[in-house]
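Coordinate inspection notes
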Amino acid sequence: MHDKETTSFMRSLCMGRIEQDVICPFPVMSDSQKETLTDISGALEGLLGPRAEDFRKWDVAGELPEDFIDELREFGMFGLIISEDHGGMGLGNMAYSRTLQEVAKYDASVAVTIGAHSSIGMRGLLLFGTDEQNERYMPRLATGEMIAAYCLTEPGAGSDAAAVKTTAVKEGDHWVINGNKLWITNGGIADFFTVFAKTHEEGGRGKMTAFIVTKDMEGVSVGPHEDKMGLRTNPTTTVHFDGVRVPDANVLGEVGQGFKVAMMILNSGRTGLGGGSVGAMKRLIELSTKQANERTTFGEPISSYGLIKKKVGQMVIDCYTSEAVVTMVGGLIDAGYKEYQVEAAISKVYATECLWKTADEALQIAGGNGFMREYPYERVVRDCRINRIFEGTSEILRLLIALTAMNDVASQLQELSSTMKDIFNNPIKGFGVLSDYARKHAALRTGIGGERGFQKLNDAIQEQAKIFEEETRYLAQATDRILRKHGKSIIGKQLASHRLAEIMIDLFVMACTISRVQGSIDADGVEGASLEIQILKTFTREAKIRIKHNFRRIDSNDDEIVKALADDAFEAERFRWDTI
Ligand SMILES: Cc1cc2nc3c(=O)[nH]c(=O)nc-3n(C[C@H](O)[C@H](O)[C@H](O)COP(=O)(O)OP(=O)(O)OC[C@H]3O[C@@H](n4cnc5c(N)ncnc54)[C@H](O)[C@@H]3O)c2cc1C
C-alpha cells in the first residue's frame, strides 16, 4: 500500500519506478456521483442548451446579465464542491471536473465564472478554513449569495507571484491591507475575496499570508469590467484594498504561509480548467463532424477527404487522452493522494494545449465561416487562448514539472545531492561518490535493478506498455544526464528543462491512456474497446518519436544559436533584414 502523503506516480517515474497501483485501475465515479452528474447534466442542457444565441450576443456586448447569474445560483452552480452539510452538492474532484466539462460545452465564460468561484476563489477556505470560518461563509458561498474570487496577480506580480506588493500590517487584532490586484476573474460580482498580501519583509521578497476579505469591508473597491479578447462576459476587474481592516479571524492558513496556500489552491483547482477544456473539445468535435458532413466541395462532402479526416482523427485522440489525464488527476485527489502537483500541472498544460489545437483545426474545417462571428468557432478560439496563460502559464508549469523531477533525483541520490558542490567544483574530492553514483547510473541505463512496471494488462496493449517501460528508462537517463551536464546551473537552462518536461508530459499521458484503455477492455472486451486501443497505439507511436527526439536533443541542439539570435533581436529591438 502506498503512502498517500508522499507517493507521486511521476516523481517515482523519474527515479525509474513505475507505480502501477497508483494509476490502475482507472478511476471511476461512485454510482451515487454518477447519478448526481446525470441529473446535473440534464438540468444544464435545459438551462444552457437553448441559450446559444444569448451567449453569442452577450459575448459581443461583453456582459453577463444579472438574471442569468441568478439562474446559475438557483441551479446550485456555486455549491458544487461545498459539503451537503453546508448546503452544497459535495462533489468530489472528478465529478466537479466533469460538471465543468458539461458547462464548457455551451459557453466558456459561464464555465469560468463557475470555475473561478470553486476552483480558486473559495478553494482556500475548503482546504485551509477553520470550522468557524467554514460556518461563517460556506452556506452563503454554496447558494451563490456570495460569489468568490482569487486575488493574487498584481501589475508587477504575475508568474512571479512572490513579488506581490500588497501589504497587510498587524494592528491589534486586525490586519490593515493596502494594495491593488489585477485581472481578477469574477471581480465585478464577487463578495468573497481570497487575498494574498505580504506580512513579513525579508530581503525585499517578503512572506505572504492569505486573507478572507469581503466586499462589505470598508476600503474594498473594484474597477470596470475589462474589455478582453475572450471570456468577454466574465466580469474580470481590478480589485483595490485601501486601508481595509481585516480581523485576525480571517487569516486563511498560517501567517507567513500564503505562497504555499496560493500554490496549493491552484494545484487542487487545476482539474476544473482541465475539465472545461475537455468539454470544449467534445463540443468542437460535434460541430466539426457535422460541418464536415454537410459541406460539399468538388462534389464530395469534405468529411471524405484525407486531410480533413486527419484533423478530426487527431481531435479525437487529443480529447480522449486529455480526458484520461484530467480524470486521472481528479481520481488521485479523490483517492486522498497529496503529492499530485506534477501530475496536475501536466494535466493543465496538456488539456489546455490540446484544446487550443482542436479549436484552431475546428475553425479551419469550417473555412471562411469559421472566421465569422455568426458561427461559434472564432469565439472558442478567443475564449480558450487565455487557458495557456492563467492559473500558471505553460512555460512556468513546464519548468515546475521538470525542476521538481530533477530536484527529486538530485536529493534522492543522496550522494549527488550532498556533494553536488564538490562534484562540480572539485571533481577529485567527489570522485568516490561519483563511482558509487555511476553504479546507480548504470542501473538506470540498463534498467537492471529497476522495478518492472505494468503487470496484468491485456495482451492487446502489451506492446504499448513495453514502449512505456522503455521510454521510462529514457526519462530516468535524461534527468540524470541533464543534471550531470548542467549541475547547479540547471535553473538557468530552460531549454534543457523544457525537453525533460516534454518527455514527462508524454509519459504521463501515455500511462493514463493505458490505464483508461485497460479499464475499457475490462468493461467491454477487446472488441468493444477496439477504437480506444487504436487511439492508444497511435498516441504511443507518436509519443515515442517525440521522446526519442527530445532525448537526442539534450546533447545535440541549436539552443545557443537560437538564444544568440534572440539576444541580437533584443538588442536591436527590430528585425534586422528588412528589404526596403
Ligand atoms: C482573463 C484573465 C483572468 C485572470 N484571472 C485571474 C484571477 O482570477 N486571479 C489572479 O490572481 N490572476 C488572474 N489572472 C492573471 C494571470 O494569472 C496572469 O496573467 C498569469 O499568471 C501570467 O502573469 P503575467 O500576465 O504577469 O505574465 P508574466 O509573468 O509577465 O509572463 C509573460 C511571459 O513570460 C513568461 N515567463 C515569465 N517568467 C518566466 C520565466 N521565469 N521563465 C520563462 N518564461 C517566463 C510567461 O510564461 C509569459 O509567457 C488573469 C489573467 C487574465 C488575462
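1. As for the overall build of the chain
- The secondary structure content of the chain amounts to 22 helices and ten strands.
- Principal-axis analysis of the C-alpha atoms gives the chain an extent of 75 × 70 × 65 Å.
- Within the chain, the fraction of its 580 residues that count as buried is 44%.
- Expressed as a percentage of contacts within the chain between residues at least 6 apart in sequence, the contacts between residues at least 24 apart total 76%.

2. Side note on the nonpolar core
- With 151 residues, the main nonpolar core has Phe211, Val325 and Met504 as its most contacted residues.
- Of the residues forming this core, the biggest block, 15 residues, is contributed by helix 20 (residues 494-528).
- Looking at which domains feed residues into this core, each of domain 1 (260-395) and domain 2 (400-567) supplies at least three.
- Among residues more than four places away in sequence, those in contact with phenylalanine 211 are Ala168, Trp175, Ile177, Val195, Ala197, Val246, Asn250, Val251 and Leu252.

3. Some details on the pairing of strand 5 (residues 207-214)
- With six of its eight residues buried, strand 5 lies for the most part within the structure.
- Examined bridge by bridge, strand 5 and strand 8 (residues 251-252) share two bridges and lie antiparallel to one another. When the bridges of strand 8 are listed, phenylalanine 211 appears paired with valine 251.

4. Focus on helix 19 (residues 462-486)
- For helix 19, spanning 25 residues, the distance from its first C-alpha to its last is 36 Å, which sits close to the expected 36 Å at 1.5 Å a residue.
- Positive backbone phi, approximately 50°, marks glycine 487, located one or two places after helix 19.

5. Looking at the packing of helix 6 (residues 93-104) against helix 10 (residues 258-294)
- Contact geometry of helix 6 with helix 10 gives a least axis separation of 7 Å together with a crossing angle of 40°. The pairing of helix 6 with helix 10 is recorded here as oblique in orientation. In the packing of helix 6 onto helix 10, the handedness of the crossing is right-handed. Here Asn93, Tyr96, Ser97, Arg98, Leu100, Gln101, Glu102, Val103 and Ala104 of helix 6 lie close against helix 10, whose contacting residues are Thr271, Gly272, Gly274, Gly275, Gly276, Val278, Gly279 and Ala280.
- Among the residues forming the contact of helix 6 with helix 10, the class breakdown is six nonpolar, nine polar and two charged.

6. Focus on the site of the ligand
- With respect to spatial proximity, 21 residues lie near the ligand, and among them Thr153, Gly158, Ser159, Thr393 and Glu395 are the closest.
- Of all the secondary structure elements, the ones that give two or more residues to the shell around the ligand are strand 1 (148-151), strand 3 (174-184) and helix 15 (394-412).
- Counting residues per element, the shell around the ligand draws most heavily on strand 1, at three residues.
- Here the residues of the shell around the ligand are counted per class, giving twelve nonpolar, seven polar and two charged.

7. What to know about helix 20
- Here helix 20 spans only 44 Å end to end across 35 residues, well under the 51 Å set by a 1.5 Å rise per residue.
- At aspartate 522, helix 20 is bent by approximately 90°, the largest bend along its length.

8. Quick notes on the confidence of the model for the chain
- For the chain, the average pLDDT comes to 92, and 92% of its residues sit at 70 or higher.
- Note on residues 445-449: pLDDT is under 50 here. Beyond four places in sequence and across chains, it has four contacts.

9. Points about the packing of helix 19 against helix 20
- Contact pair helix 19 / helix 20: the axes reach a minimum separation of 10 Å and the direction vectors enclose 160°. Relative to helix 20, the element helix 19 lies roughly antiparallel. Of the two elements, helix 19 crosses helix 20, and the hand of that crossing is left-handed. Within the contact between the two elements, helix 19 uses Gln464, Ala465, Phe468, Glu471, Thr472, Tyr474, Leu475, Ala478, Thr479, Ile482 and His486 and helix 20 uses Ala496, Leu500, Ile503, Met504, Leu507, Met510, Ala511 and Ile514.
- Looking at the contact of helix 19 with helix 20 residue by residue, the classes come out as 14 nonpolar, four polar and one charged.

10. Notes on the domain arrangement of the chain
- Split by domain assignment, the chain resolves into domain 1 (260-395) and domain 2 (400-567).
- Residue-level contacts link 13 residues of domain 1 with 14 residues of domain 2.
- Of all the elements in the fold, those that place two or more residues in the side of domain 1 that touches domain 2 are helix 11 (306-334) and helix 12 (341-366).
- Top contributing element to the side of domain 1 that touches domain 2 by residue count: helix 11, with seven residues.

11. As for the environment of valine 349
- Within the secondary structure, valine 349 sits in helix 12.
- Overall, the presence of 27 C-beta atoms within 10 Å leaves valine 349 in the buried class.
- Spatially, the C-alpha atom of valine 349 lies 33 Å from that of alanine 168, the residues being 181 residues apart in sequence.

12. So, unusual backbone geometry
- Looking along the chain, the bond that leaves cysteine 24 and enters proline 25 is cis, with omega of 0°.
- You can see proline 25 is positioned in the loop between helix 2 (20-23) and helix 3 (31-48).
- A positive phi is found at asparagine 186, a non-glycine position, where the angle reads about 75°.
- Positive phi values are uncommon outside glycine, yet leucine 231 reaches one of about 45°.
- Residue placement: leucine 231 occurs in the loop between strand 6 (220-222) and strand 7 (237-247).

13. A short note on the pairing of strand 2 (residues 167-171)
- Bridging between strand 2 and strand 3 involves five bridges; their strand directions are antiparallel. By the bridge assignment for strand 3, alanine 168 is matched with isoleucine 177.
- From the end of strand 2 to the start of strand 3, which pair antiparallel, there are two residues, and glycine 172 there has a positive phi angle of about 65°.

14. Some words on the environment of phenylalanine 193
- As for its position among the elements, phenylalanine 193 is in strand 4 (residues 192-200).
- We classify phenylalanine 193 as buried; it has 25 C-beta atoms within 10 Å.
- In this structure, the C-alpha to C-alpha distance between phenylalanine 193 and methionine 146, residues 47 residues apart in sequence, is 9.8 Å.
- Look past the residues within four positions of phenylalanine 193 in its chain and what remains in contact with it is Ala149, Cys151, Val213 and Val239.

Cut-offs and rules
Residues numbered from 1 in each chain as written. Predicted model: local features only at pLDDT ≥ 70, side-chain atom pairs only at ≥ 80, totals over all residues. Helix = DSSP H or I, 4+ residues; strand = E, 2+ residues; numbered from the N terminus. Buried ≥ 20, exposed ≤ 12 C-beta atoms within 10 Å, placed from the backbone. Contact = placed C-beta atoms within 7 Å. Core = buried A, V, L, I, M, F, W, Y, C linked by C-beta atoms within 7 Å. Domains from an automatic or database assignment. Pairing = 2+ DSSP bridges. Expected span 1.5 Å × (residues − 1). Axes fitted to C-alpha atoms, helices over the stretch in contact; angles between N-to-C directions. Parallel < 35°, antiparallel > 145°, perpendicular 65-115°, else oblique. Left-handed = near helix turned anticlockwise from the far one by under 90°. Nonpolar A, V, L, I, M, F, W, Y, C, P; charged D, E, K, R; others polar. Near = placed C-beta within 6 Å. Bend = angle between axes of the 7 residues up to and from the residue. pLDDT = per-residue confidence, 0-100.

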